[in-house]
Amino acid sequence: MCEAPRLRCDAADAAADVDVVTTRGRRRIPAHSSVLATASPVLGSILERRLQKDRESGKKAGRPVVRIRGVTDDAAAAFVRLLYAGRCGDGEEDDMEKHAVQVLVLAHAYQVPWLKRACEGAIGARLTADSVVDVLQLADLCDAPRLHLRCTRLLAKEFAAVERTEAWRFLQENDPWQELQVLQRLHEADMRRRKWRRKRAEQRVYVELSEAMDCLDHICTEGCTEVGPAGRAPAPAPCARYATTCRGLQLLIRHFSQCHRKSCARCQRMWQLLRLHSALCDRPDRCNTPLCMRFKQKEQEKAAVKAGDDGDKWGLLVKKVKAARVFSSLANRKQASSTTSQC
């Protein structure tokens, strides 16, 4: 439910002091200037100018008039009722269902933000493939970003159905520029979606590498079921990550220790994991992981030669994995604290 501060009239404002006149003067709606001015700054400015003009001309007879044009009489009356209600609740559902499009135009023209948001929600809830083209043009005219986003999502989801509608054919025949804009938006939305998916896939890779680093440290320090430090018996039970990461990493380590081929892809992967561990390790002098200090010294020598080289892909990978480790640590800490609070 979308609400604004409720508006009420004081005892002094019990009688209406302004008339809201609809298109062609077919209907006059008695209203209170204090309510209209509070609900809409535009109506307040109109009333102020009208009263100033009446004072300057010396008019005393009759009430000031505010004209609402461009919509039906029923829509104008619904707009005034919604301004008085100050909200879109159960009692105003009928007005929103019948006149949401026209009330959106009025809410935009007279600067009533809460009513504009409510109209966007009401129109978006009834959006279909047949109406999305017209509603998208309305959202552009009324500067309605939420409604525009819902239209774009529906277009991207059901574009095949939209292409068969009369509204789309009319747009193609009469407004090719608008058609081009719609197609460009769909293309941009598709590119953003692909970019987001690519970033998620990359983030999963960094998280997996971070977990592999934790497992490598666990294997070389504590040992697990098949691989462990020298002089230590295998662990009696698998660790928590045995099925997902640890077992595969142990098999890779065993292959690495026995393979003698120079061009082995699995061995090259193990070399890269050892190098990555060395780049992330903050205690190389006390680390049990093989070749940690050796890789650390080589990286320092390379850094001295390539001082100021910001385009190093390996350095970027190390930064990404470090960030993934920090985020994973924070997420685990938050999950542990929530579990503790529930207990």
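Residues numbered from 1 in each chain as written. Predicted model: local features only at pLDDT ≥ 70, side-chain atom pairs only at ≥ 80, totals over all residues. Heavy atoms only, no water.

- In the annotation of an unreviewed UniProt entry, the protein is listed under the name BTB domain-containing protein and assigned to Urochloa decumbens.
- Under Pathway (unreviewed entry), UniProt gives the following word-for-word description of the protein: "Protein modification; protein ubiquitination." (UniProt positions renumbered as here; feature names shortened; annotations may be inferred.)

### Remarks on the overall build of the protein
- Across its full length, the protein carries 14 helices and five strands.
- Evaluated residue by residue, the protein yields a buried proportion of 38% over its 343 residues.
- For the protein, contacts bridging at least 24 residues in sequence account for 59% of all contacts bridging at least 6. (Helix = DSSP H or I, 4+ residues; strand = E, 2+ residues; numbered from the N terminus. Buried < 20%, exposed > 50% of the residue type's maximum accessible area, 1.4 Å probe, protein only. Contact = heavy atoms within 4.5 Å.)

### Notes on the pairing of strand S2 (residues 18-21)
- On S2, burial covers both faces: Val18 and Val20 on one face and Asp19 and Val21 on the other are all buried.
- Sheet analysis places S2 next to strand S3 (residues 28-31), joined by four bridges and oriented antiparallel. Note on S3: the bridge partner recorded for Val21 is Arg28.
- Summarising the sheet, S2 and strand S4 (residues 65-67) pair through three bridges and their orientation is parallel. Among the inter-strand pairings, Asp19 is bridged to a residue of S4, identified as Val65. (Pairing = 2+ DSSP bridges.)

### Observations concerning the pattern of salt bridges
- Within this structure, the stated rule accounts for 11 salt bridges.
- In this structure, the salt-bridge partner of Arg27 is Asp74, at a minimum N-O distance of 3.3 Å. Here Asp74 lies in helix H3 (residues 73-85) and Arg27 lies in the loop between S2 and S3, a separation of 47 residues in the sequence.
- Through salt bridges with shared partners, a single network forms among Asp190, Arg193 and Arg194. (Salt bridge = Lys/Arg side-chain N within 4 Å of Asp/Glu carboxyl O.)

### Let's talk about a nonpolar patch on the surface
- Residues Val326, Phe327 and Leu330 make up a contiguous nonpolar surface patch of roughly 310 Å² in combined accessible area.
- Its place among the elements puts Leu330 in helix H14 (residues 313-342).
- Take Leu330: its relative accessible area is 44%, and that puts it in the partly exposed class. (Patch = residues over 30% accessible without salt bridge, like charges linked within 9 Å, V, L, I, M, F, W, Y side chains within 5 Å. Areas by Shrake-Rupley, 256 points an atom, 1.4 Å probe, with all protein chains shown as cover.)

### Re helix H7 (residues 145-157)
- Between its terminal C-alpha atoms H7 stretches 18 Å, which fits the 18 Å expected from 13 residues at 1.5 Å a residue.
- Among the residues making up H7, those that are buried are Leu147, His148, Cys151, Thr152, Leu154 and Leu155. Along H7, the residues classed as buried sweep out an arc of 165 degrees about the axis, all on the same side. Structural note: H7 exposes Pro145, Arg153 and Lys157 on the side pointing more than 90 degrees away from its buried face.
- On its buried face, H7 is in contact with helix H4 (93-109), helix H5 (113-125), helix H6 (132-141), helix H8 (159-163) and helix H10 (176-221). (Expected span 1.5 Å × (residues − 1). Arc of directions from axis to C-beta.)

### A word on the environment of Met213
- Note on placement: Met213 falls in helix H10.
- Separated by 63 residues in the primary sequence, Met213 and Leu276 place their C-alpha atoms 8.0 Å from one another.
- Setting aside residues no more than four positions away along its own chain, Met213 makes contact with Leu273, Leu276, His277, Leu280 and Arg325.

### Observations regarding the sheet that holds S2
- Reading across from one edge, S3-S2-S4 is the order of the three strands in this open sheet, with mixed pairing throughout. Looking at strand neighbours, the two that pair on one side only are S3 and S4, the edges of this open sheet. Pairs of neighbouring strands in the sheet enclose a mean axial angle of 30 degrees, with direction left out of account. (Axes fitted to C-alpha atoms, helices over the stretch in contact; angles between N-to-C directions.)

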